[in-house]
Amino acid sequence: MSTLVVVGAQWGDEGKGKVVDVLAERADLVARFAGGNNAGHTLVVEGKQIITHLVPSGCTYPGTQCVLGAGMVIDPEVLEQEVASLRAMDLLRNDELRVSLDAHVVFPYHRQLDGLREDRAGDGRKIGTTRRGVGPAYEAKAARRGVRVRDLLDEQALRERLLKNKDALEPELERLGLATLDVDALVERGRGWGERLRPVVCDAGALCHDAITAGKRVLFEGAQGALLDVDHGTYPYVTSSNSVAGGVCTGIGIGPTAIDRVWGITKAYTTRVGRGPFPTRMTGADGDRLREAGAEFGATTGRPRDCGWLDLPALAHSARLSGMTGLCVTKIDVLAELPTVQICESYEDGVVPGVDSLEVAVPRLRTLEGWGDPSVVDGLRSATSRADLPGVVRAYLDLIEDQVGVSVALVSVGPDRSQTLRLADPF
Ligand code: GDP
């Protein structure tokens, strides 16, 4: 067996796109198990930037199968656009894409609801969603009126589901000043999506299972981060699905015994978009400097991200939630551009993530010396092994390993594939 799960270890945007892209080089199949196009991955391949929202990062390699699992919610219009732009770059042939029959479908009314609910919520009550309709689509799924990909292939099932949604949503649509659902038009649209998806739909769980038993290398790619998990994250400021590694089992349809390794991706600092607790959040000029240095603006929404120092208690919590066996530390080059670096080793008053809400966590920060030297950046960029890394960077990685209890498997020192130090084998 050779399976690797890669998940975000923070609040998303950890650089998963780049890391999964690097790891996917050796994978035969890459599958996503949760979320929708609220995720955004920025890949840089031979100097060209590629942004994907639904298709897994493995799409840049010929012959790698890219699978969208049952735990996802899929906006077919976004998928079609994404596939078209990848095709224009000669990437992702039809036989490389597979979509689960059981994934749920995001309709335009989900997007409208998502946006208008946020607009009307008033400042204190906004979640900070990406307004892509992902939350309302998961809501329909939990209420057992969601439309699955398989329903797009069956006009009667599709009509029945849409009628249920029309009944359920009518009062809210009216209150928000939106037109009621035009079921005939939606059936027509849904059937069109279904026909175009027909060549790529499948039982994605069986496909992954068969690949695993055939000894293929399978990579499961997480979206968002563990601290945004609907059950284990900073609720209610979370995403609507399970972003911890366990989400692979339910979101793909395989058992936990099929998973060999779990790698968590963390930036060398922390960022967060949307609302919710963020103990090491920086305000003022320091935060601005880190945001500029790391180009911390959302790939999906363009929103500026809040920035803060690396939070080791939160990272250790996240490592436990996902049973991480390796850590991938990204954007460590960004810290080299700052005059000083701090790191959170614990919280005041013995606050413990999980037991206590992170709302009440006040970080104890340690300041590290000698980081802002330009030679550190040169040393980082030219390193080919851990021993080559500048001393301050090695000490930083040692501190992370020590406090989190998980070894560093990969270090990313720039956005390009070549700017990666691999310290362990993914498969
Ligand atoms: P994701 O959703 O987790 O993939 O995160 P993003 O799409 O926000 O990616 C983070 C951004 O950082 C992208 O623009 C990447 O090209 C870039 N990036 C990834 N790794 C590194 C790194 O090690 N150093 C620098 N400077 N940029 C990186």
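Look up: the structure comes first, before these words.
Please read these numbers as outputs of a predicted model, since none were measured by experiment.

Another aspect to go through is the packing of helix α5 (residues 155-175) against helix α6 (residues 183-197). Viewed as axis vectors pointing N to C, α5 and α6 meet at an angle of 135 degrees, and their least axial separation amounts to 10 Å. When the interaxial angle is binned, α5 and α6 end up oblique. Viewed along their axes, α5 and α6 form a crossing whose handedness is right-handed. On the side of α5, the interface is formed by E155, L158, R159, L162, L163 and K166, while α6 contributes V183, D184, L186, V187, G190 and R191. Partitioned by chemical class, the residues of the contact of α5 with α6 number 6 nonpolar, 1 polar and 5 charged.

Mapping D151 onto the fold places it in the loop between α4 (134-142) and α5. A relative accessible area of 4% places D151 in the buried class. At 2.8 Å, the side chain of D151 forms a polar contact with the backbone nitrogen of R148. Among residues more than four places away in sequence, those in contact with D151 are G146, A157, L158 and R161.

Moving on, we come to the sheet that holds strand β14 (residues 310-311). Pairing is mixed across the open sheet formed by 3 strands, whose spatial order is β14-β16-β17. The open sheet has two free edges, formed respectively by β14 and β17 (363-368), since each of these has just one partner strand. Across 2 bridges, β14 lies against strand β16 (residues 341-347) in parallel orientation. Paired with D311 across the two strands is C344, which belongs to β16. Here helix α10 (residues 312-322) sits on the sheet and contacts β14 and β16; the angle it forms with β16, its principal contact strand, is near 65 degrees. Packed on one face of the sheet, helix α13 (residues 391-404) meets β14, β16 and β17 and runs near 15 degrees to β16.

Ordered by their spatial adjacency, 10 strands build an open sheet running β9-β7-β5-β2-β10-β1-β11-β15-β18-β19, and the pairing between neighbours is mixed. The open sheet has two edge strands with one neighbour each: β9 (201-202) and β19 (420-422). Bridge analysis of strand β11 (residues 261-267) against strand β15 (residues 326-330) gives 5 bridges, and the strand direction is parallel. Bridge pairing in β15 places K267 opposite T330. Set on the sheet, helix α7 (residues 204-213) makes contact with β1 (3-8), β2 (29-32), β5 (65-68), β7 (97-100), β9 and β10 (218-225); between it and β5 the angle comes to about 140 degrees.

Conventions used here
Residues numbered from 1 in each chain as written. Predicted model: local features only at pLDDT ≥ 70, side-chain atom pairs only at ≥ 80, totals over all residues. Heavy atoms only, no water. Axes fitted to C-alpha atoms, helices over the stretch in contact; angles between N-to-C directions. Helix = DSSP H or I, 4+ residues; strand = E, 2+ residues; numbered from the N terminus. Parallel < 35°, antiparallel > 145°, perpendicular 65-115°, else oblique. Left-handed = near helix turned anticlockwise from the far one by under 90°. Contact = heavy atoms within 4.5 Å. Nonpolar A, V, L, I, M, F, W, Y, C, P; charged D, E, K, R; others polar. Buried < 20%, exposed > 50% of the residue type's maximum accessible area, 1.4 Å probe, protein only. Polar contact = N/O pair within 3.5 Å; in protein donor to acceptor, adjacent residues only side chain to side chain. Pairing = 2+ DSSP bridges.

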